[in-house]
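Close look at the chain arrangement
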Amino acid sequence: MQVVVTGASGIVGSALLRALTGRGHDVTAVCRRVPQAPGAPGRAEGVTWVSHDLADRAGDSRLPQFVRDADGVVHLAWGLQPMHNRGHLRRVDLGGSLAVIRAVRAERVPHLVFGSSVGTYAPRVSDEVVDERWPATGIPGSVYSRHKAFVERVLDRVEEAGDDLVVARTRPSLVGQRAAGSAMLRLGFPFLLPAPLLRHVGVLPLDRGFALQFVHADDVADAMVRILESRAGGAFNLAADGVLRQPEIADAFGGWPLHLPRPWALRLVGALWRAGVQPLDPGWLEMAFRVPFMDTARARDVLGWQPQHTAREVLDEVVAGMADRADGPFPPLRARTPGDELGYLLRHGPVWWRPET
């Protein structure tokens, strides 16, 4: 198959490239920053790299030529930083997604796979697992969640239009892989935090009711390849076996759980974010507290999908990757070193603290 992947250099995109090329498929990899040297890692045979910024509306006219003659398009590109720049996030998440959808429809690509998220779901009301019929209306306090839910509503209207286009949505839980260690440090922790401390935090303050599902990037990629090869449509929940709660999460970080009530945690994260001390806005924590736990029976039954990593294995790999400052072959997965981060800070200021434009 000829597959186009937007956001191909990210955590899920890099895993999907491995999976697609490993199955002999040809890939057009679209991202803002591509590997530069022809012999650089990640310039795999069967992959054609295209530099394109989905935040730039002037470049929307180029998208149809990228997807022309494709058997399927996987849309993974998404804005995560700078979180204070809401305009930029809207241009990437909403404007970029709409541009990709228009290009796919204009070129009559037969299959579109949207990398959605558990964050597209409405808040949970209990600890019971939910299937893909749970309302996909988002978590009000999270910009990320609201944007995912908006794009899914657009895709609902595309399906209602009766085109021949088959639309699939993957809804994974929190995704991790070792090579994303440095990237996750930049996204989630202040640049001066010594990475090795993540193995020995001592005490981890979390609400005792906090719990998360995880899934490995390679398992998400495997599901996407199965969707593409079978031209499957509809939504697919993706999560590893097991739900990790406060004591297990603290143990993975080498610490003891300390009960920090949810309202206090949200106020603390909000204050640190507004001060520019840490890069995650409180909406991410709000989403983590409120998303439902997912039933993955449809992916297993329809796709024959079976995650190869448990939730605890994924978390252990993520913690080890962050502590070791693990990296990957693409710019978003570049190594995180204190010197590099300090230099970037002095040249540009904190990426999460730039004024909205």
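The structure we're discussing is the one just above.
What this report covers is the structure whose coordinates are included nearby. (Residues numbered from 1 in each chain as written. Predicted model: local features only at pLDDT ≥ 70, side-chain atom pairs only at ≥ 80, totals over all residues. Heavy atoms only, no water.)

A few points about the overall build of the chain
Helix and strand content of the chain: twelve helices and 13 strands. Rg of the C-alpha trace for the chain: 19 Å, near the compact-globule value of 21 Å for 357 residues, within the 12% margin. Overall size of the chain, expressed as C-alpha extent along the three principal axes, is 55 × 50 × 35 Å. Buried positions account for 53% of the 357 residues belonging to the chain. Put simply, the chain shows about 15400 Å² of open surface, and 56% of that area lies on carbon and sulfur atoms. The positive charge centre, built from 41 side chains, and the negative charge centre, built from 39, are 7 Å apart in the chain. (Helix = DSSP H or I, 4+ residues; strand = E, 2+ residues; numbered from the N terminus. Rg over C-alpha atoms; globule rule 2.2 N^0.38 Å. Buried < 20%, exposed > 50% of the residue type's maximum accessible area, 1.4 Å probe, protein only. Areas by Shrake-Rupley, 256 points an atom, 1.4 Å probe, with all protein chains shown as cover. Lys, Arg positive; Asp, Glu negative; His and termini not counted. Charge placed at Lys NZ, Arg CZ, Asp CG, Glu CD.)

Considerations on unusual backbone geometry
One non-glycine residue, aspartate 69, adopts positive backbone phi at about 70°. For aspartate 69, the position within the fold is in the loop between helix H2 (63–67) and strand S4 (72–75). We classify aspartate 69 as exposed; its relative accessible area is 68%. One non-glycine residue, arginine 231, adopts positive backbone phi at about 50°. Here arginine 231 lies in the loop between helix H6 (217–230) and strand S11 (234–238).

Some points on the packing of aromatic side chains
Across all of its chains, the model carries five aromatic pairs by this definition. Ring centres of tryptophan 78 and phenylalanine 114 lie 6.1 Å apart, and the angle between their planes is 55°; this geometry places the pair in the tilted category. Here tryptophan 78, found in the loop between S4 and helix H3 (86–106), pairs with phenylalanine 114, found in strand S5 (residues 111–115); they are 36 residues apart in sequence, far enough to count as distant. Of the two residues, tryptophan 78 and phenylalanine 114, neither departs from the other in class, the shared state being buried. Between phenylalanine 210 and phenylalanine 289 the ring centres are 5.2 Å apart and the planes differ by 85°, which places this aromatic pair in the edge-to-face class. Here phenylalanine 210 is found in the loop between strand S8 (202–206) and strand S9 (211–212), whereas its partner phenylalanine 289 is found in helix H9 (residues 282–290), with 79 residues between them in sequence. Here phenylalanine 210 matches phenylalanine 289 in class, with each residue buried. Members of the aromatic cluster, each reached through a chain of ring pairs, are Trp78, Phe114, Tyr144 and Trp284. Positioned above the aromatic ring of tryptophan 78 is the side chain of lysine 148, whose terminal nitrogen or guanidinium carbon lies 3.8 Å from the ring centre. The residue whose ring lies beneath arginine 298 is phenylalanine 236, and the NZ or CZ to ring-centre distance is 4.3 Å. (Phe/Tyr/Trp six-rings, centres within 6.5 Å; stacked < 30°, edge-to-face > 60°. Lys NZ or Arg CZ within 6 Å of the ring centre and 35° of its normal.)

Some details on the pattern of salt bridges
Any two side chains of opposite charge can pair, so long as their charged atoms come close to each other. For the coordinates displayed, the defined rule picks out 23 salt bridges. Residue arginine 169 pairs with glutamate 159 through a salt bridge whose shortest N-O separation is 2.9 Å. Linking arginine 169 in strand S6 (residues 166–172) with glutamate 159 in helix H4 (residues 143–160), this pair joins segments that are ten residues apart in sequence. Relative accessible area serves as the criterion here: at 38%, glutamate 159 is assigned to the partly exposed category. Aspartate 324 serves as the salt-bridge partner of arginine 199, at 3.1 Å between the closest nitrogen and oxygen. In this pair, arginine 199 is assigned in the loop between helix H5 (181–188) and S8 and aspartate 324 in the loop between helix H11 (311–323) and helix H12 (338–348), connecting sequence segments 125 residues apart. Salt bridges here are not isolated pairs; linked through shared partners, they connect Glu152, Asp156, Glu159, Arg169 and Arg171. (Salt bridge = Lys/Arg side-chain N within 4 Å of Asp/Glu carboxyl O.)

So, to be careful, I would describe these as geometric facts and stop short of saying anything about function.
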